[in-house]
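# Architecture at a glance
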Amino acid sequence: MMPLNAIDRLKQTVTESWTSPVADEVAAAWGYEPGTARWWRSSASHVFVLPDPRGKRYLRFVPESLVGAEAVAAVATLMDRLADAGTPVVRPVKAGSGRLTVTVPTAHGLMHAMVVEAAAGEEADADELTAERAQAWGRALAEVHRDAANFDAVLPQAFGELGEAAERFPDDAELVKAVARLGDRVAALPRDRAGFGVVHGDFELDNLAWEGDRATAFDFDEAARSWYAADVAYALRDLTGPDGGVAEERRALVDAFIAGYRSVRAFEDDEVERLPLFAGVHAVCSLVRIARALGTPEADEPEWLAGLRSDLEDMAKAHRELAITVAAAE
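Residues numbered from 1 in each chain as written. Predicted model: local features only at pLDDT ≥ 70, side-chain atom pairs only at ≥ 80, totals over all residues. Heavy atoms only, no water.

## Describing unusual backbone geometry
The following threshold applies: Helix and strand labels come from DSSP, where a helix needs a run of H or I of at least four residues and a strand needs a run of E of at least two; each type is numbered from the N terminus.
The phi angle at Trp18 is positive, at roughly 70°, despite the residue not being glycine. Within the secondary structure, Trp18 is located in the loop between helix H1 (4-11) and helix H2 (21-27). Phi at Asp219 is positive, roughly 60°, even though this residue is not glycine. As for its placement among the helices and strands, Asp219 is situated in the loop between strand E9 (214-217) and strand E10 (224-227).

Put into C-alpha cells, the structure is as follows:
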C-alpha cells in the first residue's frame, strides 16, 4: 500500500466529478482526452476508470519515488504473456508509443503507468462462494502459477518485510520473537521449481471477476517470486481463522479450492500443512506495510483519511495477533 500522505496528495487533485489533472497527464499517453479518467481508488497504485467505446479500461499509475519503472514494466509484461497464453487474466493495453508501460512527467513528479482492460463479469465475496466457484478459483490460481513458471523478468522476492520487522517494532518483544521464529521456518524451506516460482501475490476474491463459474484475475501489483503455497494461503485469508488454519465452517470451500488447484498442477500435502505458517508470515509483512503506509498523521488530516488510518490500525492489531499465534504453534 502507498503511504497515506501519497494517497492524500493525489486525492487533493480529484474534483467533484472524480477527474484529476494528474490522471489527465498520464491518460494522454494512451490518447485519452482531459476529463476522461475518473478516480476509482488508491492503494498499491492510483486507479482511474477509463470509459471507452472498446470497453471499460483502468488506468493504474504509481509515483517514481515509491516504485521503479522496471518493476511496473515487469508486471505489465507478465500480464501480457499470461493473456497471450490464454490464462484467465486481464490484458494490458499498449500506449500510443506501442509500449505496455509509460513514464509520464506530471505536476506531482514522474508516474509509471499502465492501462488494463476491465475484467468481464461480476465480483463475489466469501459469503456468496459456492463449492463450484471455490474449485474454479483454485483452478484459476493454479493456471497462473503454471503459465508464469518460465517468466524471466525481474520480480521482487517474497517476504522482504521480514527483515525489517524487528527494527520497525523494537519495543514489541513478543512480536520480535514471533518474527524470528517465523523467519527461521521460512528460511529453511526449499525453493525448488515444484514449489517456488512466480505468484500473483493477492489472489483474493476481490481481485477476481466471475462469468458463471469462470474467474478472471486482475491487480497484479503484488506479483513476486515466492512459494506457491504462500500464494494459496494469501488467497484463502477470508476462509481461515485467527490461528491461520481453516475455519471449520469454511472447510468444504477450502477443500474445493485445493481440489480445483490440483486439477491443474500438483499441490502436495506438505504444502497444505504450511498454509498456517504462510498466513503468519503474510501477517508480519502486512504489519510492516501498514506501518510504512501510516507514517505520521498531519494535524489537519481530512476525515476520510483519519477513518482510513483508524481502519488500518485495527487491521495491524489483527495481523500482530495472527503472527504471534502462528509462531507459537510452529
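## Quick word on the side chain of Asp202
Just so we agree on the cut-off: Only protein chains enter the accessibility calculation, which uses a 1.4 Å probe; a residue whose area is less than 20% of its type maximum is buried, one above 50% is exposed, and one in between is partly exposed. The charged-residue count follows a simple rule in which Lys and Arg add positive charge and Asp and Glu add negative charge, with His and chain termini not counted at all. Salt bridge criterion: a side-chain nitrogen from Lys or Arg within 4 Å of a carboxyl oxygen from Asp or Glu. Whether two residues are in contact is decided by their heavy atoms, any of which lying within 4.5 Å being enough.
Take Asp202: it is sitting in the loop between strand E7 (196-199) and strand E8 (208-211). One buried charged side chain, Asp202, makes no salt bridge at all; its nearest oppositely charged neighbour is Arg237, positioned 5.2 Å away. If we skip the residues at most four places from it in the chain, Asp202 touches Asn207, Glu222, Asp231 and Tyr234.

## Re the pattern of salt bridges
Taken as a whole and assessed by the stated rule, the structure comprises 24 salt bridges. Note that Glu164 is salt-bridged to Arg168, the shortest N-O span being 2.7 Å. Pair noted here: Glu164 and Arg168 are both in helix H5 (residues 162-168), with a separation of four residues, about one helical turn. The exposure class assigned to Arg168 is partly exposed, which follows from its relative accessible area of 34%. Among the salt bridges present, the one from Arg251 reaches Glu248, with a minimum N-O distance of 3.3 Å. Under the relative-accessibility criterion, Arg251 is labelled partly exposed at 35%. Several salt bridges share partner residues, and in doing so they unite Arg41, Arg60, Asp219 and Asp221 into one network.

## Some details on the packing of aromatic side chains
Put simply, the test is: When two rings of Phe, Tyr or Trp (its six-membered ring) have centres within 6.5 Å they constitute a pair, described as stacked for plane angles under 30 degrees, edge-to-face for angles over 60, and tilted for the intermediate range. Working rule: Lys NZ or Arg CZ, within 6 Å of ring centre, within 35 degrees of ring normal, means a charge sits over the ring.
Evaluated as defined, the whole model comprises nine aromatic pairs. Ring centres of Phe159 and Phe278 lie 6.1 Å apart, and the angle between their planes is 25°; this geometry places the pair in the stacked category. Taken as a pair, Phe159 in the loop between helix H4 (131-147) and H5 and Phe278 in helix H10 (residues 275-294) lie far apart in primary sequence, 119 residues in all. Phe159 sits in the buried class, given a relative accessible area of 10%. Judged by its relative accessible area of 1%, Phe278 falls in the buried class. One aromatic cluster in this structure is built from Phe159, Phe196, Trp227 and Phe278. Lying over the aromatic face of Trp304, Lys11 brings its terminal NZ or CZ to 5.4 Å of the ring centre.

## Points about helix H11 (residues 303-329)
Just so we agree on the cut-off: A helix is expected to reach a length of 1.5 Å times the quantity of its residues less one.
With 27 residues, H11 should cover 39 Å at 1.5 Å per step; its first-to-last C-alpha distance of 40 Å lies within 8% of that length. In this structure, the buried residues of H11 make contact with H1, helix H6 (173-187) and H10.

## A closer look at H6
Each full turn of the α-helix corresponds to 3.6 residues, which orients residues three or four apart in the same direction. Defined as follows: Note that the arc is defined by the directions from the helix axis to the C-beta atoms.
The end-to-end C-alpha distance of H6 is 21 Å, a good match for the 21 Å that 15 residues give at a rise of 1.5 Å each. Along H6, the residues classified as buried are Leu175, Ala178, Val179, Leu182 and Val186. Taken down its axis, H6 places every buried residue within 100° of arc, on the same side. H6 presents Ala173, Lys177, Asp184 and Ala187 as exposed residues on the side facing more than 90 degrees away from its buried surface. Next to the buried residues of H6 lie H5, E10, H10 and H11.

Function cannot be read off these values alone, since they describe shape.
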